[in-house]
Each structure stands twice: as C-alpha cells, then as structure tokens.
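Read off the chains here:
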Amino acid sequence: MKILYGGDYNPEQWPEEIWKEDMRLLKLAHIDIVTLNVFSWASLQPDEDTYDFSKLDKIMEMIRENGLKVCMATSTGAHPAWMARKYPDVLRTGNNGIRRKFGRRHNSCPNSPTYRKYASALAEKLAQRYAEYDNIVAWHISNEYGGVCYCENCEREFRKWLQKKYGSIEELNRVWNLSFWSHNMYDWEDVVVPNLLSEEFEDDGIRSAFQGISLDYARFNSDSMLACFQMEKEILKRYTPEIPVTTNLMGTYKIVDYQKWAGSMDFVSWDNYPSCEEEPADIAMRHDLMRGLKQGQPFALMEQTPGVSNWQAFCKLKRPGVMRLWSYEAVAHGSDTVMFFQMRRSIGACEKYHSAVIDHVGNEHTRVFREVAELGEELENKVRDLTLGGRTKSEIAIVFDWDNWWAAEYSAGPSRLINYCQEVKQYYKALFSQNYSINMISVEDDLSAYKLVIAPLLYMCKEGYDEKIREYVKQGGTFVTTYFSGYVEEHDLVVPGGYPGKLKDILGIWVEESDALPETEANSFLYKGKGYPARILCDLMHLQGAEALACYESDFYQGMPVLTKHSFGKGNAYYVGTRSDETFYGRFLRDICEGLDIRPVAETPDGVEAVVRENVNGSFLFLLNHHLNTEKVFISRPGTEILTGKKYAQGDTLVLPGAGAAILQRDCRDKEGGK
Ligand code: GLA
Ligand code: ZN
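For the structure given in this document, a descriptive report is provided here. (Residues numbered from 1 in each chain as written. Chains lettered and ligands numbered in written order. Predicted model: local features only at pLDDT ≥ 70, side-chain atom pairs only at ≥ 80, totals over all residues. Heavy atoms only, no water.)

### Considerations on the sheet that holds strand 3 (residues 69-73)
Going by this rule: Strands are labelled as partners when DSSP assigns at least two bridges between them. Segments assigned H or I by DSSP are reported as helices when at least four residues long, segments assigned E as strands when at least two residues long, and all are numbered from the N terminus.
Here 6 strands make up an open sheet; going across it, the order is 7-4-3-2-1-11 and the pairing parallel. The sheet is open, and its two borders are formed by strand 7 (245-246) and strand 11 (337-341), each paired with just one other strand. For strand 1 (residues 4-8) and strand 2 (residues 33-36), the ladder comprises 3 bridges, and the chain directions are parallel. Paired with Asp8 across the bridge in strand 2 is Thr35.

Here is the structure:
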C-alpha cells in the first residue's frame, strides 16, 4: 500500500504505436494508477445496438501487463452523437428554454429516459466485462456532475419530486407563498420549471421572483443527478460489490449538494483546480470541505494539473515545486492519492494546452515531467504507506450548507454583495493563517465534539438546527454566527418574531434593521482598542441578554452594538453583525481560541501552512511553504522528517526552501477533545 499516484489516461485518443512509449514514460514517473475510460461512450457504443470493447480490452490488457492499477470510469459524462440525433430528449434545455444541440460534455438531461436507459446499459456491460480485472481499485462514475437542465422531462419529474416532498397542493402553496402576486396553484400541472421563461430573470446573475421555487429546483436538479449516480452505482455493485465507487467532485461547486451526495459515495474524490488569483486558504478550505463530506474519512485527489490549466484567462505556470507543494497539501488535508489530469497532452480541441505529464514534445525531458517523476519517486520511497488513513483532529468546526448557500444568494435584498463562500472563507482563513486545525461540517453533523462552532451567514436555519445549537451552547459549547443569519426556515419563509429568528434567545439579541452598504462605503468599530471596518451589511441590533463587545462608530446607529457575546447555559454565543477585515477576524478568533485553550498545531512564519494528520504510524506535521523564499520553522516537538530522513529535536530549526514541504513524523500523543 502507498499513496496512489497517476491520473487520467486517454490512450483511445492516440494511435496504438504511442501506447508503448506511454508505458515507458509512466513507469519512469513512478505512476501506479490510471483513470481510464472517462470519455469513450461514442466508441464503446457506436450505435444503439452495437457495443465495441475491442480497444478498451487492449488497453486493459496493456495496463494490467504493466502492473498499473485502474480507476475505471463509466464514460457516461458525455453521450454519443447518434443518441442526440435519434433521441433529442437526451439533450439538455438551458434556462432560456432552448434545447441544446449535440455538443460539449456533461450534456445529458439527468431525467431523460434515454440517458438513464443507455447509461445503465453501459455501466452494466463494463461491470460484466471487466469484473475479473483485479487491478481495478475504484469505479469512477461519469465525470464532474454539474449543470442544470430545464427540459420537459425535468419539468415532469420536478412535479413528482414536489408531490412526494409536499404531499398536497395546499402545502405547496404554503411553502412557496403562492398567494404573492396571485401565483396560487390549483394543480400540480400548474408547476413549471423556474427559468428565464417563468420566475427567473437576468440581472447581475440569475435572480428569481420566487426564491422558494428556484431553491427547490436547485435541490431537485442536484437530486436528479444523484439519482443517475445511484443508478449506475447499484449496477456496478451487483457485479463488483467489493470495488469502491466514487465520482469526482469539485470542491465549492454550487450546483451539486455534495453533503447530500456523500452518503451514496464509497469514498470522496475531487478535482483541485485553483485559479491563478486564489490563495492557499481557498485550496485548504476546499480540501477540508471535501474531507468533511464523509466525517473526516480520507479522500482521493482525483485530478490536478501538473502545470497549467487551459481554461483560465491566462495560463500561468505552476512555479517549480508548487505542484509538489500542492500535492502534499492535499495529502496533509486528508488525501490518500495524488492524481493528475492527464497523462498525455492532447493535440486537438480545448484541452490541447492543458498540462499533462507527457507534453507535446513527447519525452521525459521537460520540467513538468521531471517534477512529476521526482515526486513519484519520493512518494514511492519516502512517504510510502506512512500517512495513509490518517485522520485530522480538530476542536473547531465551521458549518457549511448547500441549501443555505443557494437560499442566501437567491435572496432579493438586502445586498448583492452577500457571498456565502466569501463569508465562510473570512473565518476559515483567519484560523488557517494561524495554523488552527479546522473541520468543515454539515448541519447534519454532531457538534458535541467541538469546543468552537462557527456558522457564518446561517441565513437558513432548518427545522431543528436551532435546537441543536441551543443544546450545544447550553452544554458548554462556544458558537459564533454572523449577520444575515436565522432569517428563514428551510422553505425560505421568514421566521416571524424578529431576526435572527430562532437563534435570538441563544444569541441574546434582536436585529431590528440591517444597513446594506455599497462596496465603497464602510462604518467602523473598536475592538479591544483597535479600529476595524464594518462593511456589506451593518446590523442594527438590541441587546436582549448579550453584552456588546464593540459598537458602531458613526452614522445614525453610532453606539449600537455590532459584536456581541451572550453567555447561555454553560457556553457562549457570539454574533458578528457585519463583515470586517482579515486582521479583525484573526484577532477575534484568536481571542476566542485562547479563551477555550484551543492551540494552533504549530507556530510558523507567515505563509507556512502547518497541518496535522494522525494514524497508527504517528502524528504527521506537514509544513508547507507557500512563499517562494526560504522560511524557517522552530520545532517544538521532536520527530523525523520523512522526506529527508533528518531528525529534529525540540528547539531545532527546520529550513524550508521556497515552495518547500516537510513532513515531520512524531510519536502520537493523545490530545484531549476534538474530533
Ligand atoms: C476537469 C475534468 C477533466 C479535464 C480537466 C481539465 O476536472 O474532469 O476531464 O477536463 O477538468 O482541467
Ligand atoms: Zn432535462
């Protein structure tokens, strides 16, 4: 066992003469796993009745002979042209109501009977045919599920989905508040998909006149794709029950509710493609979110680019060492694989300038190849199986919820500047920058193991969630939430009786009004003697048991509280009534953590990330230098750095070159608390 190393390999797009050379090069790069068959439906099934596995058979034989493991995809992420021609119901309809033509990928309507029929058939044939290959280590269903369809099949299925969820048309009228604008519906047939032909309109993005309808459609659309995943999974399990099944997720991808999906996946895998302007905290947060989907179980880094991604506005090169650094970052946050898209750079269509292990030059004499090969060697000989299965302990949880994301951003008012992921990231980054270990959890997860739970922008507080928080705080937990929280229940209906709804008693406040400021304006407040900005939304609140930790400094609400603390039961609940800046969050959260005796996993210079994973082999401290200059880390707990074999005593200094990574293996010592 070791960290699996490899990624997408598409030999079917190349003449066979090249395959042999590929095998030589992959071996040189220490690659031991390939993801096959991601986009081959058209050649596997050239027409309705014909299947042709001859090429895939050859590929599978070659891969087996070369001792490579396989992550076997089912090819259902893009349908063949004949299917689109013969059965147009397989084509998606856009939010403008126009049915698309054959083109692009991730293009099938998830509710198309044609798609369901032929996707099942293909999955079954693949499972039957390749079940005997014991080098298949995982099934990879479809590819990066996403997008939305608004076709008639979807409309029909949406009605059924609603019927099942709400039971009666009266209840539908209630949850969607249909007496507004005379929308009362008499029959399920009155339901139409919410798109640009009905409730939605374009205005700085897609807005909706009935957010409740759009919200349910988002849920339905995610569920529809999940049903496709489950359908294929069930078939695969019939033939190969022991092979784990996954699909590659995309981190903070809004359209698919991964927290709902995770229960159906045997393990989580995801594709890490940060854009040029993103920072280490963005990547780390997504890793933690993906790890949290299955309560901290290790995940697979299914794809990353070895160099550039073609789809960016400009394809900035990953600096020397950065691919290795980001690979170790994935491992640090819970990955048991390091995988790439793709093995050989294609010569046509939109990914021909996307990096690959083997570049257009076709040999091993490239910087990217050398870096891939060096990392492969290191993983094979130094890291080996040491970190596998490692878990992350954390006393801090940040709550993330897809329904809440959808609802908060559909909201018409109070501000278009409200951005759920951005708000969550403020809190994540403040903790991340100080090397606190963080778990990203869902509203379904247990809170009791955490000393601190932060739920930024908890706009939608679903049935029972207030009770969960109430109990948690009563029992001694510390809870932090922000402006625009507690407003609505799960149907996006406002909870009457004052904001923040059912969280009022826990927080000991009442928010009477909120002042939405344009980007260029800010109020301010003093916290522990220092001034900080108040932006985006400024809550005007009254204390109802809480104490004010800071008050606004200007405007007609000068002197009103902006930051509060409420001692409730044995715990405390904090409320941050505005958006402030990085230094504020850093200071505020550090104060809370210190008060709770939560410690960072290590003290490091700015830009050096420290993350811990633990398993039976010990406690692994990953030190990741996101700067391109050398940094020094003071070692407070002795251990052996596994990439160099060097031993470090307490008080030693570990020198990290620019983009350098170190993994310090230390004896496990049980810390109390955390999960
Ligand atoms: C995604 C897909 C791959 C490939 C890469 C390119 O992650 O899954 O097929 O298109 O993007 O970045
Ligand atoms: Zn559809």
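### Remarks on the coordination of the zinc ion (ligand 2)
We apply this condition: Any nitrogen, oxygen or sulfur atom within 2.8 Å of a metal ion counts as a donor, with the limit raised to 3.2 Å for Na, K and Ca, and since water is left out, coordination shells can look unfinished. Square planar and octahedral sites, with four and six donors, are those where opposite donors lie more than 155 degrees apart and all other angles lie between 65 and 115, tetrahedral sites have four donors with every angle between 85 and 135 degrees, and the rest are irregular. For every residue, the accessible area obtained with a 1.4 Å probe (protein chains only) is divided by the maximum for its type, and the residue is called buried under 20%, exposed over 50%, and partly exposed between those limits.
Only Cys109 (SG), Cys149 (SG), Cys151 (SG) and Cys154 (SG) from the protein reach the zinc ion (ligand 2) as donors, at distances of 2.3 Å. In this structure, the zinc ion (ligand 2) is surrounded by 4 donor atoms whose angles at the metal cover 100 to 116°, and the resulting shape is tetrahedral. Each donor residue of the zinc ion (ligand 2) belongs to the same chain, and together they define the spacing C-x39-C-x1-C-x2-C. We note that Cys151, like Cys154, is buried.

### Here we look at the environment of Asp8
Using the following cut-off: Any two residues whose heavy atoms approach within 4.5 Å are treated as being in contact.
Within the secondary structure layout, Asp8 lies in strand 1. Classification of Asp8 by relative accessible area gives buried; the value is 2%. Separated by 616 residues in the primary sequence, Asp8 and Leu624 place their C-alpha atoms 26 Å from one another. When near neighbours in sequence (up to four residues on either side) are disregarded, Asp8 contacts Thr35, Val38, Glu303, Phe340, Phe341, Gln342 and Met343.

### Some words on the site of ligand 1
What counts, and what does not: We define proximity as follows: a residue is near a molecule or strand when any one of its heavy atoms falls within 4 Å of that partner. Throughout this description, a polar contact denotes any pair of N or O atoms lying within 3.5 Å of each other; where both atoms belong to protein, one of them has to be capable of donating a hydrogen while the other can accept it, and for residues adjacent in sequence the pair is counted only when both atoms sit in side chains. Note that accessible areas follow from Shrake-Rupley with a 1.4 Å probe, and for residues the cover is restricted to the protein chains shown. Polar here means any residue other than Ala, Val, Leu, Ile, Met, Phe, Trp, Tyr, Cys and Pro, which are nonpolar, and Asp, Glu, Lys and Arg, which are charged; Gly is therefore polar.
Taken together, Phe39, Arg105, Asn143, Glu144, Asn248, Asp271, Tyr273, Glu303, Trp311, Phe341, Glu351 and His354 make up the full set of residues near ligand 1. Contact between ligand 1 and Asn143: an oxygen atom at 2.9 Å from a side-chain N or O atom of the residue. Here His354 contributes a side-chain N or O atom positioned 2.8 Å from an oxygen atom of ligand 1. Notes on ligand 1: free accessible area 310 Å², of which the protein chains cover 97%. Looking at the shell around ligand 1 residue by residue, the classes come out as 4 nonpolar, 3 polar and 5 charged.

### Quick word on the pairing of strand 18 (residues 530-534)
Of the pairings in the sheet, the one linking strand 17 (residues 523-527) to strand 18 comprises 5 bridges and is antiparallel in character. Residue pairing in the sheet places Phe525 in a bridge with Tyr532 of strand 18. From the end of strand 17 to the start of strand 18, which pair antiparallel, there are 2 residues, and Lys528 there has a positive phi angle of about 50°.

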